[in-house]
Structure formats: C-alpha cells, structure tokens
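Structural description and commentary
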Amino acid sequence: MKMALRACLRTKPGLTGLLSQLSCSGHAAARRAPALVAQRSSSSTSQKIKVDFDQSSGVAVMHMQSPPVNSLSLEFLTDVCIALEKLEMDKSCRGLVVTSSQPKVFSAGLDILDMYGKSPEHCAEFWKAVQEMWLKFYGSNMITIAAVNGSSPAGGCLLSMTCDYRIMADNPRYSIGLNETKLGIVAPFWFKDTMVNTVGHRATEMALQLGLLYSPAEALKIGLVDQLVHEDQVLTTATETMTKWLAIPDHARQLTKSMMRKPTIDKLAANREVDVNNFVKFITKDSIQKSLGMYLEMLKRRKA
Amino acid sequence: MKMALRACLRTKPGLTGLLSQLSCSGHAAARRAPALVAQRSSSSTSQKIKVDFDQSSGVAVMHMQSPPVNSLSLEFLTDVCIALEKLEMDKSCRGLVVTSSQPKVFSAGLDILDMYGKSPEHCAEFWKAVQEMWLKFYGSNMITIAAVNGSSPAGGCLLSMTCDYRIMADNPRYSIGLNETKLGIVAPFWFKDTMVNTVGHRATEMALQLGLLYSPAEALKIGLVDQLVHEDQVLTTATETMTKWLAIPDHARQLTKSMMRKPTIDKLAANREVDVNNFVKFITKDSIQKSLGMYLEMLKRRKA
Amino acid sequence: MKMALRACLRTKPGLTGLLSQLSCSGHAAARRAPALVAQRSSSSTSQKIKVDFDQSSGVAVMHMQSPPVNSLSLEFLTDVCIALEKLEMDKSCRGLVVTSSQPKVFSAGLDILDMYGKSPEHCAEFWKAVQEMWLKFYGSNMITIAAVNGSSPAGGCLLSMTCDYRIMADNPRYSIGLNETKLGIVAPFWFKDTMVNTVGHRATEMALQLGLLYSPAEALKIGLVDQLVHEDQVLTTATETMTKWLAIPDHARQLTKSMMRKPTIDKLAANREVDVNNFVKFITKDSIQKSLGMYLEMLKRRKA
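Residues numbered from 1 in each chain as written. Chains lettered and ligands numbered in written order. Predicted model: local features only at pLDDT ≥ 70, side-chain atom pairs only at ≥ 80, totals over all residues. Heavy atoms only, no water.

With respect to the pattern of salt bridges
- A full pass over the atoms with the stated rule returns 51 salt bridges over all chains.
- Between C:Lys50 and C:Asp52 there is a salt bridge, and its shortest N-O distance comes to 3.4 Å.
- The partner of C:Lys267 in a salt bridge is C:Asp193, with the nearest N and O atoms 2.8 Å apart. Of this pair, C:Lys267 sits in helix 10 (residues 250–269) while C:Asp193 is found in helix 6 (residues 189–199), placing the two residues 74 residues apart along the sequence.
- On the basis of relative accessibility, which here comes to 38%, the residue C:Lys267 falls in the partly exposed class.
- Residues joined by salt bridges that share partners form a network here, namely A:Asp164, A:Arg166, A:Asp226, A:Lys257, A:Arg261, B:Arg202 and B:Glu205. (Salt bridge = Lys/Arg side-chain N within 4 Å of Asp/Glu carboxyl O. Helix = DSSP H or I, 4+ residues; strand = E, 2+ residues; numbered from the N terminus. Buried < 20%, exposed > 50% of the residue type's maximum accessible area, 1.4 Å probe, protein only.)

See the structure below:
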C-alpha cells in the first residue's frame, strides 16, 4: 500500500481521490468533538504522525513521532505529505501546528540513509518527496506554525521555515540552521530562496556557506525564528499565537500569503525535474557518497 | 472643472499644459518671497491641500487637510496628484515634506466610500487615481519626506512609504501599517513591493498576512519609519532632515533614486490595466462588498 | 609590459598563459615554506601589491601598498586583478585576506585621475578594469576576508563588500560607504546590487542617495561590516576567522557561494559593454568633469 500512496503523490487527482476515502473515518470522529484523530489508523505508517484536530477551533496539531529523531525519510515524508494534503482538503481546518513528540529534537532533517548507497532511482524518488513536502507546506492555504521544541538542523530547519511563524524552545543546547555544507553537500536553490525570504540575503549567504547552526538566541536575533519561550510553553504558545492568526479572514490572508510566496514556489514548480536530476547527479558522485559515509560513521561513533 | 482635471490626469501632456497655466499665479507669488502658496485658490478643491513653498530653500510642505481623517478619496487623490505634479514641474522645488493638518491622523488610507456600493466604472477610476498617486510619489525626482504626525493605516502607510524618509510622532496611541487583510481585502502587489523594499520580505509577509498596525516604537524597530520624535517636533525635524538631503547634488541623487525604484515602478507601469481590472473584479464581489459594509457599520457605531 | 598585461586582461586565455609563466618563480619559493612571496618581483608594478602566501594553511594575505591611499587606478586595479587571478589558479590557495599597508586607509576608492580630463578610450579601459576587479573578487572561489584597517569609501567599500566577511578597525575616525553621490556621480547598478545583497534594499536606498559614510559602529549596526576589533587585531582576527571558514569542504562552500552570487554576477557579465558605454558617456559630460575638478581642487586645498 505504501508504494501505492507514493505513486499517488505524483498525481494530485489520484491522491485526492484516495485521501477523500481515507479521511472519511477520521473526520467522522472529528466532527463529533475536539478529538484525537488517528490518521489512517489501519496503516502501518500511522505511528509516525499523530494529528490532533480540534474541530471547534479549526486547528490541527501534527506531532512528528518517528524515532529516534524524526529524520525525513522517504517513508516519513510521504506520510507527512499525505497528512498535510488531507488537512488541506478539509475546509474546516484553518490552522496547523507542527511539532515533535521526540525528546530534544524537532527534526534531524533529511534521512541520509535515503541518499547513501542507494540507486539513482531511489534518490530521485526521495528528492521528489522532499520537493513535495516543501511545495505543500510553503504553499499551504492553512496558517502554519512551527512549534520547534528541539534541535532543527538542515531539512528540519527547512520544514520550520516553510511555516508562517516559528516558536522555538529557549534551551541553549538546541540549534537550528541549514548546515548542509558541513556534510560536504549543498542546499538547493529553493532551500536558499526560503532562507533568503526569512532572514535576508546576507545572513543566508553566511549561514549557508558556513553551514551555521544557530542557538535559539542567535536564531531569534537574525530572524530565523520569531519567538523563544520555555520548553514547556512551546506548544501552548503556538496555540495562543494561532488564535491571533485565525482572527484574519481566510480569503484575504491566503491571497496575501500566495502573493508573497508564489514567485518562490513557481521557481521550483517549473524546474522539478531538472532539480531532481541535479540532486541525483550530485548525490551519487563518489566523492559525495564518501563524505556521507564518513558522516554516518561519525554519527555511529558518537552514539557508541 | 473637477472632472476636467481628472480627465487630464490620464494624459500627461494635457495635464502639463493645464497645470502650467494654473501654476502661474501661485509662482508669481512664490518668487517674491518664501510664502504660503494657496494652490488653485479659485478652485473648490483647494481647501483639501495646502502647499507652502519656500522658494529660498527649494522646499515645499504639503499639508493634507481633508477632514476628518485625510481619507484618500478619488477627489482628494486627484488634488494630491495635481499638487505633486505641479511641484515636480517646478525646477526650483527640490524637496517636499508631506504632513497632515488633521489632529491625530496622517491619513486614514483609501476612502472606503469610493469602493463600497459604487459602479465598476467608479471603482476603476478610483483605483487609477491610487495608482497615479503611488507612481508619482514613489518615482518623484524631489526629495520626499513624510512627517507622520498621526496614525497612518493602509493607504496612509503606503503614502508614507513612497517617501525617501519617514519621521513619526512618538505617541504610542498612533499606529502605522498595511492592515488591509483585517478588512477582508488584500494589498495589491505594488503595495507589497513597496513594503518589501522598506522592511524586507519576512517582516512584510507577517505584516501583510496579519494586517499588523505597528506602534511608532515597533515601526522604528522593523524599519517601517526611520525616526521618532516628539509630536511637536515632527515637522521641524523633517525640515532639518531635508537640509541634509539638499546637500546632495540633485542629478546624482535622482539617478540613484531611480536606479533603486525603477524596477518596482516598471512592474506596475506595465500592468496598470490588469491591476485595475483585478481590483474592480475583487472589490465588486458580493462577499467583499459585504465585508466593507460591515466595516463601515462598525466605524459608524464607533463614532456614535 | 604594463600595456601588455592590460591587453591580456581582456582575454582570459592569454592572461592565464601569461600568469602561469609569471607565477613559476613565486611558487617555487612558496612550496618550500610559509614565505613572503614577492609577486613578479622583476616588474615595476610589484611594489603596489605584496602577497604573503602561507602554503601550510592555504591562506594568502594581499597587502595593498599603493601610496598614499591605495587609490584604485587603472594600473593598481590591473595589478590587483593579476595577483588575484594568480592565487585563484593555485589550487593550494583556499583563502585570501585583503588588507592595507597604508596607514589609516583601506582604500580610498576609484582613482579620480583616471576619470578626470581623460579620453573616452582611457575612461573605458579604466572602467573595464573596475568591472574586472569586481567580477573576480565577487565571484572568487576562494574564501575572501576583508581586513578593513582604515577608511574605505566608494570603491574601497565596494572591494570590501565583494569579500565573504568584513572585519573593521573600531577606530571612530574611520568610515566606510558608497559616497559617490556626494561627488556628483552615481554608483552603477552592480555597486548597488552588491550593497543590496549586503545590507538590504532600504539601507542601500538611503546610503546611496545620501552618499553616506558610516562610522565602524554604524557600519556594524546595518551589517555593512561583520565585526569590529581593535586596530591592532584586524589582521589576526581575519586569520582566526579564516580558520573557521577553512573547516568547510571547499566544493560545497564554492557551489553555495556561486548559488548566492551568480545572478548578481551574471547581470554585469551580460552587460559589460553597455555598462562601459554608460560610464564613459556619463563621466565625460562637462558637468560631471566640472564636479570632479572641483572635488580634486578641494582635496588639494585640504592637503595644503
């Protein structure tokens, strides 16, 4: 079934059809009361994402719970996209908070195991899922708030930057940033565009060249996150903030959001295949594979 | 006569011809001494704009005095544009300070009465005048300084952003910002572009989505205004600031200003009709008219 | 020989061939040990640039020593470009620190004597050299750090802005900025683009219109420089900072740098001739020549 879902991701009508079926049971529950909606509870992938949808407020909370560190694997990205698409299609869902159920980490970013020692075909499929995640989140009609309750490097930082507002735990041991160069790889242009839109050209130039990971305080200073609160308050602050955003008429807010983001989204949307080919060509290079291998070894040693 | 002036606005040569006649009396006076120049004093519209032009310094001060809150109506915008055009053509006028004669308000922004319950033709004429105001101010060869001596929401904020420098009264009861979404309407792309050029992409994204009105202190912090002074000092500070700008050779400053702003101006100049059509189509929607009606009701209740 | 070098500058292959011959002796010395490499010591122009290349660290330091104020003359720019090109081709050179050997000044900017009273042909040749300097520095594959140990107006500011990082002496008597308008001339679009990429649109608009020269503290505040240190520590801090940048894999860093800067570089690269023609047409105007003449007189009087 997983493969089928992935195949669907590529053709929106198909996905829509599938999801509208899938979402039936969940929504039946949701309409009764504010409730925990276990998405596709019959599916083996359901444990990685838990979505609480409060029908009365119109706000969903997406809990990422893919141990140990919410790595954005092909499988997890597929789940995330399906969950997002489902909420997007539900007119009663106006806001989405994204947060982590894993301790100390929001998301560790793209799963290196989906890039290391894999076939070009697998790498291509993986990259399409990364694109899909970005396109869906950055272009979401919903109000999206990242409740960054832990470290958020690389793809984790990207995910948070796609949101409309970022609240981070003020724990100085956490960090956030696009640190790709430190691994010998390069953030693609749409990661870069997203960061430029968030912190400006100069901060992005330095952050990306040096692969900087910022402490919460530093991230606040350059505007990479919007607000710091105590670790215990991240989710409640996100909910309170959402209330302010919900006060704005949806139609006007959505048109405004689209006006701000569409040029950036269109750049990738018009170049997805080229971007996939560039990624696959780059990531399958011997030198890059070697870098990734060394990085994985380092991670293993650190664990041990 | 008012209609004739409006018609002229559409064809620059005609306007120029008309204004060069109109400006004769005023300038004869102006050349004698620094003096109050009552523009087109014979016209019924003259009371809404008072222009003091000090021939010795080359600086004009435009006082907006359209009670109660300097709403940018079709009529008022037409007057403002004619006054600006007149100063623009006068080579001896190098700098312009824009300020308000109304208490507590710089300008309340676009006049909703010109968008509510009006024919598509009227809405189109109104929007052309808004475009004209922006094009003339943002592209002015003069040094333009906004002396923001009161609240400045929506179109009032836009007008101040078209200037080269913004000085605001530090009265915390005043606010400034593009709050269109709060009314259920959407700032068009050139409002957005102007704000991005002023405070950057991220601040604009949040400000426009939430329709934020900033206190003077907040506006200073994000760069929406350049300086805060006591209410009594706004105009004198503007005049002092003007002196610094006047020290720069006009030709070099004008070329530099044009280099900075031309790409943004060209975007609207090349799409005026499309932009008018978009506005008319949007504003005449039942749902939008209903929003505006509710807003007007709310304003009436507040007054009462 | 100087003329030959200049001619070479126009055709990269020729230059490359020439430089690879020229660099032989210098590199033989450099390979032995960290050493002072007197570039083209046989050339009469060698005294204006001293390059110390430390083979063990892979870092070169370019000392500008063109008395009295490192004016960017055609001759000096040619030397600078040749020195940079030489380092660029040396794969063992990964980082470059640019600094001044002249007291109190980093570089006084473009040499007015190459624009005043000169033939259009000379002006064109001069401008091509300015373009070349910018293209080479802004697009350098090396890590470039400006050790701004003195005032850095106009072209001096531009040179520092092409670098990846700027450290300035915290002496309040020094200043930095693009002050062209104060001389009645206009910074071209690629000066503007570089500044927008560094401090954003709004700060650039004001800085360029007013020809602002910033104190070190002000420059830090708007992001025109990245760090202030005591005058004595500028060069050592640059070296320490370089170590952090060297920790990033070259390939990933270079691709990232190119992604950030290529659109800006391409704009000039595609329009060099038009830009040269614009410059020549502007600078040879009687009014502009008169402005430059007055400025030179003022400088002479100040000296006396």
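Comments concerning the interface of chain C and chain A
- Between chain C and chain A, the contact holds 20 residues from the first and 20 residues from the second.
- Between chain C and chain A, roughly 1700 Å² of surface is buried when both sides are summed, and carbon and sulfur atoms account for 66% of that area.
- Note that C:Arg261 and A:Glu205 form a salt bridge whose closest N and O atoms lie 2.8 Å from each other.
- In this assembly, chain C and chain A are joined by seven residue pairs in polar contact (both at pLDDT 80 or more).
- Element by element, the count of residues in the side of chain C that touches chain A is highest for helix 10 of chain C, at nine residues.
- For the side of chain C that touches chain A, the per-class residue count stands at nine nonpolar, four polar and seven charged. (Contact = heavy atoms within 4.5 Å. Buried area = accessible area lost by both parts, 1.4 Å probe. Polar contact = N/O pair within 3.5 Å; in protein donor to acceptor, adjacent residues only side chain to side chain. Nonpolar A, V, L, I, M, F, W, Y, C, P; charged D, E, K, R; others polar.)

Some remarks on the environment of A:Ser107
Residues and elements named next belong to chain A.
- Position of serine 107 among the secondary structure elements: in the loop between strand 4 (95–100) and helix 4 (120–138).
- Of the residues examined, serine 107 reaches a relative accessible area of 0% and is grouped as buried.
- Setting aside chain neighbours within four positions, we find serine 107 in contact with Met64, Val69, Asn70, Leu72, Ser151, Ser152, Pro153 and Gly156.
- One polar contact links the side chain of serine 107 to the main-chain carbonyl oxygen of asparagine 70, over a distance of 2.8 Å.

Re unusual backbone geometry
Residue and element names in this part refer to chain A.
- In this structure, the amide linkage connecting proline 67 to the following residue, proline 68, adopts the cis form with an omega of 0 degrees.
- With respect to the element layout, proline 68 can be found in the loop between strand 3 (59–64) and helix 3 (74–89).
- Backbone geometry places asparagine 70, a non-glycine residue, at a positive phi of 50 degrees.
- In this structure, asparagine 70 sits in the loop between strand 3 and helix 3.

A look at the interface of chain B and chain C
- Taken together, the contacts link 20 residues of chain B with 20 residues of chain C.
- For the pair chain B and chain C, the summed buried area comes to about 1700 Å², and 66% of that belongs to carbon and sulfur atoms.
- Ranking the residues of chain B by area buried against chain C places B:Ile248, B:Met259 and B:Met260 at the top, with a combined share of 35%.
- Inspection of the chain B/chain C interface yields two salt bridges.
- Two residues, C:Arg202 and B:Asp226, come together in a salt bridge whose shortest N-O distance is 2.8 Å.
- Where chain B meets chain C, there are seven residue pairs in polar contact (both at pLDDT 80 or more).
- Of all the secondary structure elements, the ones that give two or more residues to the side of chain B that touches chain C are strand 7 (165–169), helix 6 (189–199), helix 9 (234–246) and helix 10 (250–269) of chain B.
- Considering every element that reaches the side of chain B that touches chain C, the biggest residue donor is helix 10 of chain B, with nine residues.
- A per-class count over the side of chain B that touches chain C returns nine nonpolar, four polar and seven charged.

Here's the deal with the relation of the copies chain C and chain A
- Superposing chain C onto chain A takes a rotation of 120 degrees plus a shift of 0.0 Å along the axis, which leaves an RMSD of 0.0 Å. Taken together, the rotation angle and the small translation identify this as a three-fold axis. Within chain C, C:Gly200 has its C-alpha nearest the rotation axis, a separation of 4.3 Å. (Least-squares fit on C-alpha atoms with pLDDT ≥ 70 in both.)

Concerning the packing of aromatic side chains
- By the definition in use, this model includes 21 aromatic pairs over all chains.
- An angle of 10 degrees between the planes, with centres 3.8 Å apart, marks the rings of A:Trp127 and A:Phe279 as stacked. Separated by 152 residues along the polypeptide, A:Trp127 in helix 4 and A:Phe279 in helix 11 (residues 272–283) bring together distant segments of the chain. You'll find A:Trp127 and A:Phe279 in the same group, each marked buried.
- With a centroid separation of 5.1 Å and 20 degrees between ring planes, the pair formed by B:Trp134 and B:Tyr138 is classed as stacked. (Phe/Tyr/Trp six-rings, centres within 6.5 Å; stacked < 30°, edge-to-face > 60°.)

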